Amino acid sequence: MTVFSEMITKPNFKIYFICIVIIIIVCLFLTSCSKVVNTKIWSPASKKDFSINGFHLVQTESGKKTIKMDADTAEIYRTKKTMKASPVKVIRFGKDGEVFSNLTSDVAFINMESNDIEFQGNVIVIGKDGSKVETEKLLWHANTNRFTSEEPVKVTKGNNIMTGQGIDTDVELNNLIMHTVKTTVKSVKALKVKDAKK
């Protein structure tokens, strides 16, 4: 009893208080770790290593610019090998340097191993000919240079409007494969789409 009373006297009270705070922090940390949700590319519970304001990325091939990405902010998650950027604007260039597609989204998750990019929230892709794809989630596959999605999709080509569930398309939006397509056709020439059911 005498030893305990001596431990909480004023000279030792700060040490006692610091120990309690450390125990509480450790408990909170362990609780939060147990709630980590695994996803394909990124986990909301991931802890960022650092962030960048005014992110700008340019990809080149043989000295020619192929992709330009801009974002207000970018967060690096080294343990997940993922970068989160938002909001995002991506411009893709052809071999002659002409712009052949523009993409915007609320956020993008970049896999730093495969270079695949998952775009989420108000995703809009506009092709060189004015064709437009709108969806809430779109995945760009680096190895095939194609976009895919399993989400509801709206495609506008000229005066034609198509809606469907899921899409597989080249980045120029020239060859589209859609599922469960509903179409309003006003110009047959502007319409180049393949229904996956056929």
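Residues numbered from 1 in each chain as written. Predicted model: local features only at pLDDT ≥ 70, side-chain atom pairs only at ≥ 80, totals over all residues. Heavy atoms only, no water.

Draft legend 1. Looking closely at the overall build of the protein. Counting its regular elements, the protein contains two helices and 12 strands. Looking at the protein as a whole, 33% of its 198 residues qualify as buried. By sequence separation, contacts in the protein at least 24 residues apart represent 32% of the contacts at least 6 residues apart. With an accessible surface of roughly 12,800 Å², the protein has 58% of that area assigned to carbon and sulfur atoms. (Helix = DSSP H or I, 4+ residues; strand = E, 2+ residues; numbered from the N terminus. Buried < 20%, exposed > 50% of the residue type's maximum accessible area, 1.4 Å probe, protein only. Contact = heavy atoms within 4.5 Å. Areas by Shrake-Rupley, 256 points an atom, 1.4 Å probe, with all protein chains shown as cover.)

Draft legend 2. Fine view of unusual backbone geometry. In this model, Asn-115 sits at a positive phi of 70°, which is unusual for a non-glycine residue. Note that Asn-115 resides in the loop between strand E5 (107-111) and strand E6 (117-127). Judged by its relative accessible area of 45%, Asn-115 is partly exposed. Backbone geometry at Asn-122 places phi at a positive 50°, although glycine is not the residue there. Structurally, Asn-122 can be placed in strand E6. Using a relative accessible area of 46% as the deciding quantity, one classes Asn-122 as partly exposed.

Draft legend 3. Quick look at the pattern of salt bridges. Following the criterion strictly, the structure yields four salt bridges and no others. Arg-78 serves as the salt-bridge partner of Asp-49, at 3.8 Å between the closest nitrogen and oxygen. Placement of the pair is Asp-49 in the loop between helix H2 (10-33) and strand E1 (50-61) and Arg-78 in the loop between strand E2 (64-77) and strand E3 (82-93), with a sequence separation of 29 residues. Its relative accessible area of 54% is what places Arg-78 among the exposed residues. (Salt bridge = Lys/Arg side-chain N within 4 Å of Asp/Glu carboxyl O.)

Draft legend 4. Focus on the environment of Asp-72. Take Asp-72: it is sitting in strand E2. Along the backbone, Asp-72 and Val-88 are 16 residues apart, and their C-alpha atoms lie at a distance of 7.5 Å.

Draft legend 5. Structural context of the environment of Gly-54. Secondary-structure assignment places Gly-54 in strand E1. Between the C-alpha atom of Gly-54 and that of Ser-86, which follows or precedes it by 32 residues, the distance is 10.0 Å. The contact partners of Gly-54, leaving out residues within four places of it in the chain, are Ala-71 and Asp-72.

Draft legend 6. Inspection of the pairing of strand E7 (residues 132-141) at higher detail. Pairing of E6 with E7 involves eight bridges; the strand directions are antiparallel. Note on E7: the bridge partner recorded for Ile-124 is Glu-134. Hairpin remark: E6 followed by E7, antiparallel, with four residues in the connecting loop; positive phi at Gly-130, about 95°. Note that E7 and strand E8 (residues 146-157) share six bridges and pair antiparallel. The residue bridging His-141 from the neighbouring strand is Arg-146, located in E8. Between E7 and E8, which pair antiparallel one after the other, the connecting turn spans four residues, and Asn-145 there sits at a positive phi close to 55°. (Pairing = 2+ DSSP bridges.)

Draft legend 7. Spatial organisation of the pairing of strand E9 (residues 160-170). Alignment of E8 against E9, held across 10 bridges, turns out to be antiparallel. Opposite Lys-154, over in E9, you have Thr-163 as the bridge partner. As paired strands, E9 and strand E11 (residues 182-184) are joined by three bridges and run antiparallel to one another. Within the sheet, the bridge partner assigned to Thr-163 lies in E11 and is Lys-182. Looking at chain direction, E9 and strand E10 (residues 176-178) are connected through three bridges and run antiparallel. Pairing of Ile-167 across the sheet is with Met-178, part of E10. Hairpin connection from E9 to E10: five residues lie between these consecutive antiparallel strands, with Leu-173 at a positive phi of about 60°.

Draft legend 8. Spotlight on the nonpolar core. The biggest cluster of nonpolar side chains holds 30 residues, and the ones touching the most others in it are Met-69, Val-88, Phe-119, Phe-147, Val-155 and Ile-167. Counting residues per element, this core draws most heavily on E2, which supplies five residues. Ignoring any residue separated from it by four or fewer positions in sequence, one finds Ile-167 in contact with Val-133, Leu-138, Phe-147, Thr-148, Ser-149, Val-153, Val-155, Leu-176, Ile-177, Met-178 and His-179. (Core = buried A, V, L, I, M, F, W, Y, C linked by side-chain atoms within 4.5 Å.)

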